[in-house]
Amino acid sequence: MTATDLDAAAPAVDEAGLLAGFEATIARSDRIEPRDWMPDHYRKTLIRQVAQHAHSEIIGMQPEGAWITRAPSLRRKAILLAKVQDEAGHGLYLYSACETLGVSRQELTEMLIEVKQKYSSIFNYPTLSYADVGTIGWLVDGAAICNQVPLCRTSYGPYGRAMIRVCKEESFHQRQGYELLSTMMRGTDEQRAMVQESVDRFWWPALMMFGPPDDESPNTEQSMAWGIKRNTNDDLRQRFVDMSVPQAEALGVTFPDPELRWNAERGHHDFGQPDWDEFMQVVKGNGPCNTQRIAHRRKAHEDGGWVREAATAFADKQAAARRQEASA
Ligand code: BYC
């Protein structure tokens with residue numbers, strides 16, 4: 001029987017019926033699971049977003065990891081080490097979720113180091129002082145929580161379930177950052193100045209984490225229709241600003257935005273726009289640390305080659321032994 005004969009013998013695929021079933025699942029706010037039929041564009045959108053998310057967790061280990069050896073006490077070192085390890089774990093849950101969509105971890109890693117997929121713009125900014133560790137915890141993990149809590153209800157099962165665990169850990173990360181900064185704010189004038197300088201540098205990049213404004217976001221409309229995203233970029237940015245302003249007041253720092261003020265009519269804070277040209281430059285690979293981040297990740301991947309080779313050789317040996325046992 002030739003391949004053509006086999007095609008002819010296969011039952012006709014009812015594409016319209018499959019699509020109707022998929023759309024009904026989305027309309028009921030039920031989950032799409034790996035073995036369910038899904039439109040190709042839905043699968044590709046998810047691979048793009050989940051991979052970008054996983055890469056962000058892994059690249060995000062670098063700016064904070066740079067401070068592990070310089071943390072000012074054993075306690076701070078242990079906390080930072082645990083946080084950076086958590087980010088590695090988040091990356092692994094997300095790569096696993098992405099693999100259920102039919103793309104291998106090896107392929108994903110290659111797409112990252114060959115700069116064919118993106119990771120969050122925020123990690124292309126340097127960590128210049130120890131206060132940055134606290135600011136990243138407070139503002140960067142804070143922005144991540146705002147964005148990720150709604151993703152616990154995303155329409156793709158493995159992604160949503162990974163997000164539940166990630167969010168629990170991110171909440172802890174945010175609190176440790178806030179606690180670190182509040183300790184520094186109770187310290188010397190130099191420490192307070194260090195915190196303010198760090199907040200000044202990270203405020204705008206943190207707002208950029210939510211993506212371009214809604215009217216310039218090519219993916220939001222379709223991703224919302226499919227329940228991949230539950231909120232628009234601008235809605236989440238607003239939620240983050242409203243959440244952060246009282247926290248900044250309690251901490252005793254200000255945000256570098258002259259337009260930031262409470263709008264009683266809207267029941268929200270008005271705020272200025274980040275420099276979207278800068279955002280586009282960073283996303284295109286021209287941020288302050290893009291080259292360094294990718295070079296570091298590529299080297300780590302190459303240095304780990306022997307571990308992968310050893311694990312593969314061991315797995316082959318085990319499989320050969322099982323085959324021999326079965327045929328004996
Ligand atoms: N950076 O149509 P849009 C963490 C891209 S890690 C870079 O709005 P979408 C942590 C976007 O990909 C947290 N690129 O896209 C880790 C698209 O380009 P392509 C990371 C960005 O997907 C360690 C184009 O711009 N979180 O918390 O609908 C230590 C147009 O955008 C960015 C996630 O990944 C950006 N900021 O919405 C500490 C959350 N924004 O791909 C902390 C999951 C946009 O079409 N992701 N782009 O070429 C999402 O929620 C969504 O993907 C986004 C963007 C809201 C980010």
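Conventions we followed
Residues numbered from 1 in each chain as written. Predicted model: local features only at pLDDT ≥ 70, side-chain atom pairs only at ≥ 80, totals over all residues. Heavy atoms only, no water. Helix = DSSP H or I, 4+ residues; strand = E, 2+ residues; numbered from the N terminus. Buried < 20%, exposed > 50% of the residue type's maximum accessible area, 1.4 Å probe, protein only. Contact = heavy atoms within 4.5 Å. Areas by Shrake-Rupley, 256 points an atom, 1.4 Å probe, with all protein chains shown as cover. Lys, Arg positive; Asp, Glu negative; His and termini not counted. Charge placed at Lys NZ, Arg CZ, Asp CG, Glu CD. Salt bridge = Lys/Arg side-chain N within 4 Å of Asp/Glu carboxyl O. 1 Å grid on protein atoms, 1.4 Å probe; cavity = no way out; pocket = protein on both sides within 12 Å on 5 of 7 lines; lining within 4 Å. Points joined across faces, edges and corners; volume = space filled by probe spheres on them. Nonpolar A, V, L, I, M, F, W, Y, C, P; charged D, E, K, R; others polar. Axes fitted to C-alpha atoms, helices over the stretch in contact; angles between N-to-C directions. Parallel < 35°, antiparallel > 145°, perpendicular 65-115°, else oblique.

**Student:** Explain the overall build of the protein to me, using residue names and the numbers behind them.
**Tutor:** A count of helical and extended segments in the protein gives 14 helices and two strands. Its C-alpha atoms give the protein principal-axis dimensions of about 80 × 50 × 35 Å. Of all 328 residues assigned to the protein, the portion counted as buried reaches 46%. Within the protein, contacts between residues separated by at least 24 positions form 76% of all contacts whose residues are at least 6 apart in sequence. With the model as given, the accessible surface of the protein reaches about 17,200 Å², and the carbon-plus-sulfur share is 56%. Each charge sign in the protein was given a centre, from 37 positive and 46 negative side chains, and these centres are 6 Å apart.

**Student:** How would you summarise the pattern of salt bridges if you had to cite specific residues and measurements?
**Tutor:** What the rule picks out here adds up to 15 salt bridges. Residue aspartate 189 is joined to arginine 192 by a salt bridge in which the shortest nitrogen-to-oxygen separation is 2.8 Å. Residue aspartate 189 and its partner arginine 192 are located together in helix H9 (residues 189-208), separated by three residues, close to a single helical turn. A residue is classified by how much of its surface remains accessible, and aspartate 189, at 58% relative accessible area, is exposed. In this structure, a network of salt bridges that share partners links the residues Glu64, Lys83, Glu87 and Asp141.

**Student:** Tell me about the side chain of histidine 90, and name the residues and values.
**Tutor:** Position of histidine 90 relative to the elements: it lies in helix H5 (residues 74-99). Histidine 90 sits in the buried class, given a relative accessible area of 0%. With sequence-adjacent residues up to four places away left out, histidine 90 is seen in contact with Glu57, Val166, Glu169, Glu170 and His173.

**Student:** So what's going on with empty space enclosed by the protein? Residues and values would help.
**Tutor:** Enumeration according to the criterion identifies one cavity of 30 Å³ or more in this entry. Lining the largest cavity are Pro63, Ile122, Phe123, Tyr125, Thr127, Ile136, Val140 and Phe202. Counted by class, the lining of the largest cavity contains seven nonpolar, one polar and no charged residues.

**Student:** Break down the packing of helix H8 (residues 157-185) against helix H11 (residues 233-251) for me, citing the residues and quoting the values.
**Tutor:** The geometry of H8 relative to H11 is characterised by a closest axis approach of 10 Å and an angle of 30° between their N-to-C directions. Here H8 lies roughly parallel to H11, going by the angle between them. Note on element contacts: H11 touches H8 through Met243, Gln247, Ala250 and Leu251, opposite Gln174, Tyr178, Leu181, Ser182 and Met185. Along the lines of polarity and charge, the residues of the contact of H8 with H11 split into six nonpolar, three polar and no charged.

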